[in-house]
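Each chain, letter by letter, is given below.
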Protein chains: 2
Amino acid sequence: MTKTTSLTSLAQAGEFGLIERIKRQAQQGDSVVLGIGDDCSATHVAEGKVLLTSKDLLIEEVHFRRCWTDMYSLGRKSAAVNLSDIAAMGGTPHHLYLGVGLPADLSLAEVDNFSRGFLDEVDQAGASLCGGDTCRSSDKLIISVTVQGSVSATQMLSRKTAQEGEALFVSGTLGDSALALALLLRGENPSDFLCQRHHRPTPRLALGQALAQQGIATSMIDISDGLLSDLGHILKQSALGAHIDQQQIPLSSDTRQHLHDHPADEDLILQGGEDYELLFSAPSCCSDAIDALGHRLNLPLTRIGTLLAAEQGLTLVQLNGQEQRVEARGFNHFRS
Amino acid sequence: MTKTTSLTSLAQAGEFGLIERIKRQAQQGDSVVLGIGDDCSATHVAEGKVLLTSKDLLIEEVHFRRCWTDMYSLGRKSAAVNLSDIAAMGGTPHHLYLGVGLPADLSLAEVDNFSRGFLDEVDQAGASLCGGDTCRSSDKLIISVTVQGSVSATQMLSRKTAQEGEALFVSGTLGDSALALALLLRGENPSDFLCQRHHRPTPRLALGQALAQQGIATSMIDISDGLLSDLGHILKQSALGAHIDQQQIPLSSDTRQHLHDHPADEDLILQGGEDYELLFSAPSCCSDAIDALGHRLNLPLTRIGTLLAAEQGLTLVQLNGQEQRVEARGFNHFRS
């Protein structure tokens, strides 16, 4: 219990009161020269490293519904999906910035729960919240996060450095989050496991860093818009084609069971979003090292296909064994 | 005219089409290792400098109305208000990140105008757009900008290093932007000059850098929430009081004329926001250097008061000559 629990509304706390509350809870790492509370933060970037930066907007009714999630989980997820972008470069996260547009119907307790979740996720990643912006919003909750990390320039993993003949791997299981969302949209109740996968994604930071530092992966992306869409970015930027074996795509038992009963939902595995697993390419000779890494991190790392020349396009061996030429497509944010 | 002008809707262009359009227009500086189009940008930070970062959210109906501004100006302003935070630290801007939540009624031409304005402001500041996020929004246009810059750690100007006895200065003229907004809210037409001051603020980058590099200023902030509120941050963080002479506050002729006819609007000068002028403290002996700097930059730099011990609080000599104790207060973003 803090001294300020008697304040229950945002109007009473005010913008600067709210910033003070968040500042009191935030830890600051050694690299922070000037943290929350000035025009800018000031931070150090280690010599020999490049600065990694990413940002994501999360808008109520577009990216989440408040009735489906608790505010603590929403706070964690808002940080996690940004940390996932640092993981996808093989980087280490350092500093996060949080902008929130708060509708009047949100209580101070809800904002506190949100910040607690955000800060717990940031702490767990060994990073610091260093600044941001708070304002009111007319009706929707708006969350804007920027994350900064670093990586050695020679180890950084982009999307454009995959090579023909290399194998494609994914971490974890795919489709759980998209399936949870599909069930929620249909008014059904996803299992606790599926809900957890949707509302509390895990940024694969340790995996990303190990793949970069050990020089195993040659390109990497996090799967946020769906496997085919995100694979499409690697193929386009590396000027390659690929062959994917759908039978090899790793599924959780909950998702496998659901697809057994509802085979029409199969597309969620290939085109659903928000897995926040890592998709990476590596030479086939690295399979043993990748197995060992998966064991050490207690995280399945599964080979799902092979990179081909660009003119071979993207082919998929479907579950029925038929080969199909597919388009790399995922979620178009501007179609309803 | 580009090849893609036949596309008129965002749904046709798609998220990645839109990102491609923006990427084609964006210039990349030498410090950019990896720009738009990967999970993160990767950038260099010069040795011996600290990284400055700030972010701002601009939400339709809260920060702007589309019927009052053209999209080009809105783009410029979205960049400018962020660049102003770098100016306030005495820094040089390098990299910007743009997140947009786009409502369905926005045309691709409007988005293009917005990006053009944003990029023109970024170019003028010698910086690069390096990444961001685009998604749809249910009804309101949402703009989220992050800016990164750098400054020598020994020259950086924060809010907490002002000293008792020093003089307080402001750049430009105050109240023009708040007056324009007040008139718009009343359904009146502000003059072109006032509109320009509201819709097209100028980040005082050259001034901020000169004050930092010449070691003239001891603390600095940009006036975004109103003079008294932003002065309040310096006073609180430097543990000081101040004495402000309202007669000395620099006004444009448009604002002076308006206040002559409508003296009730006087509060806009002290409490109105969005001036984006710099408020800084400096030893009194620096007056000549400050005059010379103002002449060189063709920008009025005006002494408006003196820093006192904290226990003396904040006093204002009003236009009628009466001294009044005031609270440092500005815009509370959570009150309507």
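These figures come from a predicted structure and were not determined experimentally.

A. Looking closely at the relation of the copies chain A and chain B. Superposition record for chain A on chain B: RMSD 0.0 Å, screw rotation 180°, translation along axis 0.0 Å. Accordingly, the operation relating the two chain copies is best matched by a two-fold axis.

B. A look at the side chain of Arg76 of chain A. With respect to the helices and strands, the residue Arg76 of chain A is situated in helix α2 (residues 71–87). Of the polar contacts made by the side chain of Arg76 of chain A, one reaches the side chain of Gln124 of chain A; its length is 2.6 Å.

C. Looking closely at the pairing of strand β12 (residues 314–317) of chain B. Residues and elements named next belong to chain B. Residue alternation in β12 divides its side chains into two sets, Leu314 and Leu316 and Thr315 and Val317, and both sets are buried. Pairing of β12 with strand β13 (residues 323–326), which is carried by four bridges, proceeds in the antiparallel orientation. If you follow Val317 over to β13, its bridge partner there is Glu323. Remark: five residues form the turn of the hairpin made by β12 and β13, two consecutive strands paired antiparallel; Gly321 in that turn has positive phi of roughly 90°.

D. Fine view of the environment of Ala42 of chain A. Within the fold, Ala42 of chain A resides in strand β2 (residues 41–43). You can call Ala42 of chain A buried: its relative accessible area is 0%. When the C-alpha atoms of Ala42 of chain A and Ser31 of chain A are compared, they prove to be 8.8 Å apart, with eleven residues separating the residues in sequence. Apart from the residues within four sequence positions on either side, Ala42 of chain A is in contact with Ser31, Val32, Val33 and Leu34 of chain A together with Val50, Leu51, Leu52 and Met156 of chain B.

E. Quick look at the UniProt feature "binding site: Mg(2+) 1" (unreviewed entry) in chain A. As annotated in UniProt, the feature "binding site: Mg(2+) 1" (unreviewed entry) corresponds to Asp56 and Asp133 of chain A in the numbering used here. Taken together, the annotated residues stretch across 78 residues yet fold into one region, lying no more than 14.3 Å apart by C-alpha. Relative to the assigned elements, Asp56 of chain A resides in strand β3 (residues 49–59). The residues touching Asp56 of chain A, leaving out its near neighbours within four places in the chain, are Val81, Asn82, Asp85, Ile143, Ser144 and Val145 of chain A together with Asp133 of chain B. As for its position among the elements, Asp133 of chain A is in strand β5 (residues 128–136). With a relative accessible area of 13%, Asp133 of chain A lands in the buried category. Excluding its chain neighbours within four sequence positions, the residues that come into contact with Asp133 of chain A are Glu15, Leu98, Gly99 and Val100 of chain A together with Lys55, Asp56 and Leu57 of chain B.

F. Highlighting the sheet that holds strand β10 (residues 278–282) of chain A. Residue and element names in this part refer to chain A. Spatially, β8-β10-β7-β11-β9-β12-β13 is the arrangement adopted by the seven strands of the open sheet, whose pairing is mixed. One side of each edge strand has no neighbouring strand; the edge strands of this open sheet are β8 (219–222) and β13 (323–326). Each strand of the sheet is rotated relative to its neighbour by a mean of 25°, with strand direction disregarded. Against the sheet, helix α6 (residues 205–213) makes contact with β7 (167–171), β8, β10 and β11 (301–309), and its axis sits at roughly 15° relative to β10, the strand it touches most. Packed onto the sheet, helix α10 (residues 287–297) meets β7, β10 and β11 and runs at close to 150° relative to β11.

G. Focus on the interface of chain A and chain B. Between chain A and chain B, the contact holds 71 residues from the first and 71 residues from the second. The contact between chain A and chain B buries some 5,800 Å² in all, and 58% of this surface belongs to carbon and sulfur atoms. Across the contact surface, chain A and chain B share four salt bridges. The residue Asp39 of chain A makes a salt bridge to Arg159 of chain B at a minimum N-O spacing of 3.1 Å. The dominant element in the side of chain A that touches chain B, judged by the number of residues it contributes, is β3 of chain A, at nine residues. Note: β3 of chain A against strand β2 (residues 41–43) of chain B, three bridges, orientation antiparallel. Each bridged residue has a counterpart across the sheet, and for Thr53 of chain A the counterpart in β2 of chain B is Ser41 of chain B.

H. A look at the pattern of salt bridges. Applying the stated rule across the entire model yields 26 salt bridges over all chains. Its salt-bridge partner being Glu121 of chain B, residue Arg76 of chain B comes within 2.7 Å of it at the nearest N-O pair. Pair noted here: Arg76 of chain B is in helix α2 (residues 71–87) and Glu121 of chain B is in helix α3 (residues 108–124), with a separation of 45 residues, a long-range link. Take Arg76 of chain B: its relative accessible area is 10%, and that puts it in the buried class. For Glu121 of chain B, a relative accessible area of 6% translates into the label buried. Residues participating in the shared-partner salt-bridge network are Asp176, Arg197, Arg204 and Glu277 of chain A.

The rules we used
- Chains are numbered independently. Their residues run from 1 in the order of the written sequence.
- The naming scheme follows written order: chains are lettered A onward, ligands numbered 1 onward.
- With the structure being a predicted model, the display of local features is reserved for residues of pLDDT at least 70 and the display and counting of side-chain atom pairs for 80 or more, all residues being used for whole-chain, interface and lining totals.
- Hydrogen atoms and water are omitted, and side-chain values are computed over all heavy atoms in the structure.
- C-alpha atoms of residues with pLDDT of at least 70 in both copies form the basis for the least-squares superposition of the copies.
- Only DSSP runs of H or I with at least four residues qualify as helices, and only runs of E with at least two residues qualify as strands; both kinds are numbered from the N terminus onward.
- Any N or O atom pair separated by 3.5 Å or less is treated as a polar contact, with the protein-specific requirement of one donor-capable and one acceptor-capable atom, and with residues adjacent in sequence counted only for side-chain atom pairs.
- Any residue under 20% of the maximum accessible area for its type is buried, any over 50% is exposed, and the rest in between are partly exposed; the area is computed with a 1.4 Å probe on protein chains only.
- A strand pair is defined by DSSP finding two or more bridges across the two strands.
- The contact definition used throughout considers only heavy atoms, calling two residues in contact when any of these lie within 4.5 Å.
- UniProt positions are given in the numbering used here, feature names are shortened, and annotations may be inferred rather than shown by experiment.
- With axes taken as lines fitted to C-alpha atoms, and helix axes fitted only over the stretch in contact, angles between N-to-C directions fall between 0 and 180 degrees.
- The term buried area denotes the loss of accessible surface (1.4 Å probe radius) that occurs when two parts are joined, taken as the sum for both partners.
- The term salt bridge refers to a pairing of a side-chain nitrogen on Lys or Arg with a carboxyl oxygen on Asp or Glu at a separation within 4 Å.

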